[in-house]
Amino acid sequence: MSASPGNTPGNTGSGASMGRRLSALVVNYRSGAFAVGCVQSLLREWEREGRDRADLEVVVVDNDSPTDETAFLAELEELGARVVLSDVNGGYAGGMNLAYAETRGGPDDVVAILNPDLCFLPGSVGGLMDWL
């Protein structure tokens, strides 16, 4: 079956993708302010889409930042993110693998690998989830 504008993968036109879970992974390395902005924008768009907060998990790994990121990491936890402190800098891939290992989702969940400086614009979450 080919995809047409009204029949894209994951988009049945019935809103069936609304209950799909998302695991959003972020690696922080001296980028705490950006990570907070990223997570805030994701949460804002998730809510704007009318999606259930229980269907979203955010995991942030601090990759042994050499600067004090304590305030940013605390703010991320207040936003509901699971913050993992790595005692070594395993690089971006190592940090993402550590974040992925902390997810609690199932095989049909969507996993998003996010840079901390990413900002979700209006409509972007719905488009992403519907396409996937």
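You'll find the structure just up there.
Quick look at the structure, then. For clarity, every value in this text was computed on a predicted model and none was experimentally measured.

Position of Arg82 among the secondary structure elements: in strand β3 (residues 82-86). Along the sequence, Arg82 and Leu25 sit 57 residues apart, while their C-alpha atoms lie 9.8 Å from each other. The contacts of Arg82, once residues within four sequence positions are left out, are Glu57, Val58, Val59, Val60, Glu102, Thr103 and Arg104. Polar side-chain contacts of Arg82 include one of 3.0 Å to the side chain of Glu57.

Next up on the list: the pairing of β3. The two faces of a sheet get side chains in turn, since along a regular strand they alternate between them. For β3, the buried fraction is high: four of the five residues fall into the buried class. Judged from the five bridges that link them, strand β2 (residues 56-63) and β3 form a sheet pairing that is parallel. Looking across to β3, one finds that Val60 is bridged to Val83. As for the winding sense of the linkage, the β-α-β connection from β2 through helix α2 (residues 70-78) to β3 is right-handed.

For the rest of this paragraph, the subject is a nonpolar patch on the surface. Taken together, Tyr92, Tyr100, Val111 and Ile113 make up a surface patch of nonpolar side chains, about 410 Å² in accessible area. Where the nonpolar patch is concerned, the elements lending two or more residues are α3 (91-101) and β4 (110-114). Tracing the sequence through the fold places Tyr100 in helix α3. Residue classification places Tyr100 among the partly exposed positions, given a relative accessible area of 48%.

A separate point is the sheet that holds strand β1 (residues 22-28). Ordered by their spatial adjacency, four strands build an open sheet running β3-β2-β1-β4, and the pairing between neighbours is parallel. Because the sheet does not close on itself, it has two edges, and the strands there are β3 and β4. The average undirected angle you get between the axes of adjacent strands in this sheet is 20°. Contacts between helix α1 (residues 32-48) and the sheet are confined to β1, β2 and β4, with β1 contributing the most and set at about 165° to the helix. Sitting on the sheet, α2 touches β1, β2 and β3, and the angle it makes with β3 is about 150°.

So, how was this worked out
- Residues numbered from 1 in each chain as written.
- Predicted model: local features only at pLDDT ≥ 70, side-chain atom pairs only at ≥ 80, totals over all residues.
- Heavy atoms only, no water.
- Helix = DSSP H or I, 4+ residues; strand = E, 2+ residues; numbered from the N terminus.
- Contact = heavy atoms within 4.5 Å.
- Polar contact = N/O pair within 3.5 Å; in protein donor to acceptor, adjacent residues only side chain to side chain.
- Buried < 20%, exposed > 50% of the residue type's maximum accessible area, 1.4 Å probe, protein only.
- Pairing = 2+ DSSP bridges.
- Right-handed = clockwise from strand over helix to strand, strands pointing away.
- Patch = residues over 30% accessible without salt bridge, like charges linked within 9 Å, V, L, I, M, F, W, Y side chains within 5 Å.
- Areas by Shrake-Rupley, 256 points an atom, 1.4 Å probe, with all protein chains shown as cover.
- Salt bridge = Lys/Arg side-chain N within 4 Å of Asp/Glu carboxyl O.
- Axes fitted to C-alpha atoms, helices over the stretch in contact; angles between N-to-C directions.

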